[in-house]
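# Understanding the architecture of this molecule
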Amino acid sequence: GGTQTRTKQCNNPAPMHGGDDCEGEGEETRDCNTHQCPVHGGWSEFGDWSECSAECDGGTQTRTKQCNNPAPMHGGDDCEGEGEETRDCNTHSCSVDGGWGDWGAWSECGEECGGTQSRSKECNNPAPAHGGADCEGDDMETRDCPCKQLTEVYGMEEHENIAASGTASQINSAYKGFATLAIDGDTNGDFDLGSVTHTRSSGADVFWKLAFEHPVYMDTVVVWGRTDCCERRIDGAMFYIDDMEMGDLQSNQMTDDKEEFEVNGFAKEVLIKGPRGKLSLAEVQVFGKRFEMNNIAEDAMTSDEEVEEGMFVREMSWEDPRHINSIVLNYKKDSSVEGFDGTRVYVGETEVGQVEAQDGKMFYVFGGLEGNHSQVRIEGSESVMNIASVEIYGE
């Protein structure tokens, strides 16, 4: 608010000849513009910068100021310009901690059993950068060289037919075609010459089997068919090694009246089963190597242990090292095969194989190693506890 004044003159008429001055005030005042004045806004100081949006590789941070110094009032103008500003921050590169790459290949072992081999890996997945930490742990590991597995050793040898050292059987016999005629060393397929097997029954349950007392090394098995009127008696039969299906037999696919199956492993049984009709064979030859071995598992000290939750170990050991030729795992007949898969078998510290479970297959054979060893170890799930017995053939 303000004031305004006005005046009047004592001149209407002016006092003269001794007359009196005008009475009262010659000026009066009144209030004016009593409404509030507008206040234009003014910026305060900027506040602190915010936290950076990134710790490295560049981020941003902001700060603000308020239009309150003074705040606009009574129709005054707002502050001019922006109330926020932004700037880059933490523009340095992020540190990268190192990570290991894959292991390289093992170095070569010598020809002899024993020695060590090594392999290495690089700290390059990713490599450490911008002050990042190096990889933790060692970049190299060493292990004992595995001895050659017997299957590798024996696979290089010449092999003789060892079928006659096993026991032949079949579901039943007809026309004096007994099971043993298929391992008599005569491959002639003419039934009239008296060296051919023949079953009385026909169909899916018909079988011929050759069983060995303990595992033998089988390189190849050769099945000879008939060459007379009834060569098709073998058609549709399946060929198995220790209950593992290896293929089927068809007379029109045989070469020179025979079918050859590569095995290259330790096994106890050869089975031919389920022809379309009656089963008739000329000869079954098993080329491989048999051994005069004892079941040395009976002499071993045996322990079972749950080493961690769900992981069990059966350990069999001897005070003095023994030559181990082959190992047979026999599972309990009422066990479920689902848990067998992946059970590992070790001779010493070297893994010689894993169980590959198959429906109905309750025993599994593993070849041993060259050299002498004082321990066999079986590792796996709770199914290890379902092993009825372990046969270890050696000296």
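In case you missed it, the structure is sitting above this.
All values derive from a computational prediction rather than experimental measurement.

Below, the discussion takes up the overall build of the protein chain. A count of helical and extended segments in the protein chain gives one helix and 21 strands. A compact globule built from 395 residues should have a C-alpha radius of gyration of about 21 Å, whereas the protein chain, at 50 Å, is more than 25% larger. On the principal axes, the C-alpha backbone points of the protein chain span a range of 185 × 50 × 40 Å. Across the 395 residues of the protein chain, 37% fall into the buried class. A fraction of 73% describes how many contacts in the protein chain between residues 6 or more apart in sequence connect residues 24 or more apart.

Secondary-structure assignment places Thr 220 in strand E9 (residues 207-224). Filtering out sequence-adjacent residues up to four positions away, Thr 220 remains in contact with Glu 260, Phe 261, Glu 262, Val 263, Gln 285, Val 286 and Phe 287.

One finds Trp 208, Leu 210, Met 218, Val 221, Val 270, Ile 272 and Val 286 to be the most contacted residues of the largest nonpolar core, which totals 29 residues. For this core, the elements supplying multiple residues, two or more each, are E9, strand E10 (238-241), strand E12 (258-273) and strand E13 (283-289). Per-element tally for this core: the top contributor is E9, with seven residues. Setting aside its immediate chain neighbours within four residues, Val 286 contacts Glu 160, Asn 161, Ile 162, Ala 163, Leu 210, Phe 212, Met 218, Thr 220, Val 221 and Val 270. Core analysis: the second largest hydrophobic core is formed by 25 residues, Ile 296, Met 316, Ile 324 and Val 355 among them.

Right, let's get into the pairing of strand E17 (residues 344-347). For E17 and strand E18 (residues 350-354), the ladder comprises four bridges, and the chain directions are antiparallel. Paired with Tyr 346 across the bridge in E18 is Glu 351. Linking E17 to E18, which pair antiparallel, is a turn of two residues; within it Gly 348 sits at a positive phi near 65 degrees. As paired elements, E17 and strand E20 (residues 372-380) share four bridges and run antiparallel to each other. Following the sheet pairing, Val 345 is matched in E20 by Ile 378.

Moving on: the environment of Glu 27. Checked against the element boundaries, Glu 27 lands in strand E2 (residues 27-32). Taking the C-alpha atoms as reference, Glu 27 lies 6.4 Å from Lys 8; in sequence the two are 19 residues apart. Contacts of Glu 27, omitting those with residues within four sequence positions, involve Thr 5, Arg 6 and Thr 7.

Turning our attention to the pattern of salt bridges. Applying the stated criterion across every chain, the model contains eleven salt bridges. The partner of Arg 377 in a salt bridge is Glu 379, and the shortest N-O contact between them spans 2.7 Å.

Attention shifts here to the packing of aromatic side chains. Enumeration over the complete set of coordinates arrives at three aromatic pairs. Where Tyr 217 meets Phe 266, the ring centres are 6.0 Å apart and the plane angle is 65 degrees; that geometry is what we call edge-to-face. Here Phe 266 lies in strand E12 and Tyr 217 lies in strand E9, a separation of 49 residues in the sequence. For the residue pair Tyr 217 and Phe 266, the accessibility class agrees, reading buried in each case. Consider the rings of Tyr 331 and Tyr 364, whose centres lie 6.0 Å apart with planes at 85 degrees: the pair is edge-to-face. Of this pair, Tyr 331 sits in strand E16 (residues 311-331) while Tyr 364 sits in strand E19 (residues 363-367), and the two are 33 residues apart along the sequence. Its relative accessible area of 5% is what places Tyr 364 among the buried residues. Sitting over the face of the ring of Phe 46, Arg 63 holds its NZ or CZ atom 4.4 Å from the ring centroid. The residue whose ring lies beneath Arg 377 is Tyr 346, and the NZ or CZ to ring-centre distance is 4.4 Å.

A word on the side chain of Arg 314. Mapped onto the secondary structure, Arg 314 falls in strand E16. A polar side-chain atom of Arg 314 sits 2.8 Å from a polar atom in the side chain of Asp 304. The contacts of Arg 314, once residues within four sequence positions are left out, are Thr 302, Ser 303, Asp 304, Val 376, Arg 377, Ile 378, Val 384, Ile 387 and Val 390.

Once that is clear, we can look at the state of the cysteines. With the rule as written, the count across this model stands at five disulfides. Paired through a disulfide, Cys 10 and Cys 22 show a sulfur-sulfur distance of 1.9 Å. For the disulfide bridge between Cys 10 and Cys 22, the dihedral angle about the S-S bond is near 90 degrees, and by the sign convention the bridge is right-handed. Of the two residues, Cys 10 is situated in the loop between strand E1 (2-7) and E2 and Cys 22 in the loop between E1 and E2; the sequence distance between them amounts to twelve residues. Using a relative accessible area of 46% as the deciding quantity, one classes Cys 22 as partly exposed. Two residues, Cys 56 and Cys 94, share a disulfide whose sulfurs are 1.6 Å apart. Looking down the S-S bond of the Cys 56 and Cys 94 bridge, the torsion is 95 degrees, so its handedness is right-handed. In this pair, Cys 56 sits in the loop between E2 and strand E3 (59-64) while Cys 94 sits in the loop between strand E4 (84-89) and strand E5 (116-120), placing the two residues 38 residues apart along the sequence. We note that Cys 37 lacks a disulfide partner, and the nearest cysteine sulfur, in Cys 32, lies 11 Å from it. The class of Cys 37 is exposed, set by a relative accessible area of 57%.

So, about unusual backbone geometry. Note the cis peptide between Asn 12 and Pro 13, where omega equals 0 degrees. The residue Pro 13 is located in the loop between E1 and E2 in this model. Of note, His 74 is a non-glycine position whose phi angle comes to about 50 degrees, a positive value. Among the structural elements, His 74 can be located in the loop between E3 and E4. One non-glycine residue, Asp 257, adopts positive backbone phi at about 65 degrees. Inspection of the secondary structure assignment puts Asp 257 in the loop between strand E11 (244-248) and E12.

Conventions and cut-offs
All residue numbers here refer to positions counted from 1 along the written sequence of the relevant chain. Local features in this predicted model are restricted to residues whose pLDDT is 70 or higher, and side-chain atom pairs enter the listing and the counts only when it is 80 or higher, whereas totals over whole chains, interfaces and linings include all residues. Side-chain calculation: all heavy atoms of the structure are included, whereas hydrogens and water are not. What counts as a helix is a DSSP run of H or I of at least four residues, what counts as a strand is a run of E of at least two, and both are numbered from the N terminus. Computation of the radius of gyration draws on C-alpha atoms, with the globule rule given as 2.2 Å multiplied by the number of residues to the power 0.38. The buried label applies to any residue whose accessible area, calculated with a 1.4 Å probe on protein chains only, is under 20% of its type's maximum; exposed applies above 50%, and partly exposed to all values in between. Here, two residues are considered to be in contact whenever any of their heavy atoms come within 4.5 Å of each other. Among the buried residues, those of types Ala, Val, Leu, Ile, Met, Phe, Trp, Tyr and Cys that are joined through side-chain atoms within 4.5 Å form a nonpolar core. At least two bridges found by DSSP between two strands are what make those strands a pair. Salt bridges are counted wherever a side-chain nitrogen of Lys or Arg sits within 4 Å of a carboxyl oxygen of Asp or Glu. Pairing of aromatic rings covers Phe, Tyr and Trp, the last through its six-membered ring, and needs centres within 6.5 Å; plane angles under 30 degrees mean stacked, over 60 mean edge-to-face, and all others mean tilted. Criterion for a charge above a ring: Arg CZ or Lys NZ at most 6 Å from the ring centre, at most 35 degrees from the ring normal. Between N or O atoms, a polar contact is any pair within 3.5 Å; within protein, one atom must be a potential hydrogen donor and the other a potential acceptor, and residues adjacent in sequence are included only when both atoms are from side chains. When two cysteine sulfur atoms are found within 2.5 Å, that pair is recorded as a disulfide.

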